[in-house]
Structure formats: structure tokens, C-alpha cells
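Secondary and tertiary structure notes
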Amino acid sequence: MSEAPYLSLVIPAYNEQENIEELLRRVGSALPVMGKPFEVIIVDDGSSDDTPALLSSAMADRPWLRVLRMQGNGGQSSAFDAGFKAARGQVIATIDADLQNDPEEIPRLLPMLDGFDMINGWRQSRQDNALRRVESRIANRIRNWLSDETINDSASSLKLYKRHCLDGIHLYRGMHRFMPTLVKMRGYTVKEVPVKHSPRFAGTAKYGLRNRAWRAFVDLLAVRWMKSRHIRYDVAEVRRPADGASA
Ligand code: UDP
Ligand code: MG
């Protein structure tokens, strides 16, 4: 890890033992295509399965792999936040650990950051069950309506940020579903790009309708308020009159 990475890929993982090996194989062959130094930060979100053991042994022969271990399950936003704070790259990318996002999309999306501050991967053809797809469509509609937005797929994990988008950002639980809005609020530009989406490689989903829909709605009201009250201004200090002018 001597060379400073250009890109940091942050991946939250909670009880993903069935996916770790394949995930590392896929990112390990996808990211070198960029031709730039990279690091992969897997944030183990307090897993109780074999995820920690698998990650520890995987580090032995992968110098680009870093592992953060949350001391308990804090949720996806905390995991992202911890990863963002540890990231050293100029560009920070995120995906899920279950390979629903294709790591191969990252080198394809990277040049699109030219002229934009953030790229949001839009899962145009969702590979989730019908209930999940309907839930997501309704959620995005309500989200756009109440927060005066035009984002197709706010909660997609496949995202690329120029580092300044995240510098000093203050996240709260559930905020990972609103990142495009939070970044735009700070005065930065976001481009949405259709990306490939796949079924979970293995293992089970960590959320159900109950622990997502209601919470996401409450969070939306908070984001709506934050957006309406966000302060953004330019200020410059007035220079003192030149020495002697007032003496
Ligand atoms: N995840 C996490 N902490 C949690 C719940 C989920 O780090 O408390 C991770 C999970 O391991 C996966 C990603 O967040 O990498 C998305 O979770 P999941 O695939 O279950 O959600 P879905 O794809 O159904 O939105
Ligand atoms: Mg998933």
C-alpha cells in the first residue's frame, strides 16, 4: 500500500460469507482495467458469520484490500461513513457486497466523472423480485415529489464520487438512500447513468418491506427539511484599509 490510491472502492458487508470470495475475485479483476492505483475497503458491519474470518485471510495476498470492522451492526449508512472516512482515493466508489452491482461497471463509469462531481448508477432493469421493484418505484416517486428531485434511482449503491462531494459530510442512519440529493445540496453536480444489475450472487437480503419502507419515509421528511433549510453562501472578509491610510 505504498502508492496512494487514485480510487477507493467502499463495500459494506453484513453477513455476506457466501459472497466474499466471488466479490474479491470480481473486484480484483475488474479494477486493474482502470490502469490506476486503487484500494478496496470492505466494511464488515458487525457480521456474525464467517465474513470476518474470510476477509482476514483474504488480506494476506491482496495488498489492495483493507478491512474495517464495525463493533456491532450499525447499518449501511454507518458502514459507508466509516469507509468514506478511511478512504484515501481522489475518487470514492461504492457497491454492495452481494454482487447485485457489477464491479466491472466502475472502470466504465470513471471517465464520466469528467464534468460531474458524482455518478449515480441507475438500475434501469432491476433484478429483484416484483414486490421489491414496485416498492422501489413508489419510493423513488414519493422521494422525488417530496424532496423536489428528479432522480430515478436514489438508493442504488453503485456510485462514484469525487472526494470533495463527501468531505466533511455528516451522515445519519438511512441517509445512504439520499446521497444524490445530499451531494446536490452541497452545490455539486450529479449524473445518472444506466448500469447493469444482477440478482444477489448468494445469501439473503438484509432488509424487508417493514424495516425499509417506513424508515425511508421518515428519513425522507428529514431530507426534505434539510434541503429547504440548507445554508449555502459565498462570503469574503473585507480587507483592512492599507497601513497609514487611517493614521
Ligand atoms: N448491509 C450492511 N449493513 C446492514 C444491512 C446491509 O452493511 O445492516 C449491506 C449488505 O451486506 C449488502 C448491502 O448492504 O452489501 C445491501 O444489502 P442487501 O443486499 O440486503 O439490500 P438490497 O439489495 O435488498 O437493497
Ligand atoms: Mg442486495
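Cut-offs and rules
Residues numbered from 1 in each chain as written. Chains lettered and ligands numbered in written order. Predicted model: local features only at pLDDT ≥ 70, side-chain atom pairs only at ≥ 80, totals over all residues. Heavy atoms only, no water. Near = heavy atom within 4 Å. Polar contact = N/O pair within 3.5 Å; in protein donor to acceptor, adjacent residues only side chain to side chain. Areas by Shrake-Rupley, 256 points an atom, 1.4 Å probe, with all protein chains shown as cover. Donors = N, O, S within 2.8 Å, 3.2 Å for Na, K, Ca; no water. Buried < 20%, exposed > 50% of the residue type's maximum accessible area, 1.4 Å probe, protein only. Salt bridge = Lys/Arg side-chain N within 4 Å of Asp/Glu carboxyl O. Helix = DSSP H or I, 4+ residues; strand = E, 2+ residues; numbered from the N terminus. Pairing = 2+ DSSP bridges. Contact = heavy atoms within 4.5 Å.

Around ligand 1, the surrounding shell holds 18 residues, and the nearest of these are Glu 16, Asp 45, Ala 97, Asp 98 and Lys 206. Contacts to ligand 1 include Asp 45, whose side-chain N or O atom sits 2.6 Å from a nitrogen atom. In the model, an oxygen atom of ligand 1 is placed 2.8 Å from a nitrogen or oxygen of the Ala 97 main chain. For ligand 1, the protein covers 94% of the area, taking 530 Å² as the surface of the free molecule.

Another aspect to go through is the coordination of the magnesium ion (ligand 2). Looking at the magnesium ion (ligand 2), the protein donor atoms are Asp 98 (OD) and Gln 100 (OE1), and they sit 2.0 to 2.1 Å from it. We note that Asp 98, like Gln 100, is buried.

Attention now moves to the pattern of salt bridges. Tallied over the entire structure, the rule returns 19 salt bridges. Taking the shortest distance from any N to any O, the salt bridge between Arg 108 and Glu 105 comes out at 2.6 Å. Remark: Glu 105 and Arg 108 occur in helix H4 (residues 105-109); sequence separation between them is three residues, near one turn of the helix. On the accessibility criterion, Arg 108 (38% relative accessible area) is partly exposed. Residue classification places Glu 105 among the buried residues on the basis of a relative accessible area of 8%. Here Arg 132 and Glu 135 are joined by a salt bridge, their closest N and O atoms 3.8 Å apart. Of this pair, Arg 132 and Glu 135 both sit in helix H5 (residues 130-147), three residues apart, which is roughly one turn of the helix. Through salt bridges with shared partners, a single ionic network connects Arg 26, Asp 102, Glu 104 and Lys 196.

Among the seven residues in strand E1 (residues 7-13), seven count as buried, and that is most of the element. Burial along E1 is two-sided: the residues Leu 7, Leu 9, Ile 11 and Ala 13 and Ser 8, Val 10 and Pro 12 are all buried. Where E1 and strand E2 (residues 38-44) come together, seven bridges link them in parallel fashion. Bridge pairing in E2 places Ala 13 opposite Asp 44.

Another point: the side chain of Ser 198. Inspection of the secondary structure puts Ser 198 in the loop between strand E7 (190-195) and helix H7 (210-229). Judged by relative accessible area, which is 14%, Ser 198 ranks as buried. A distance of 3.2 Å separates a polar atom in the side chain of Ser 198 from a polar atom in the side chain of Asp 102. Not counting the four nearest positions on each side in its chain, Ser 198 is found in contact with Leu 99, Gln 100, Asp 102 and Gln 127.

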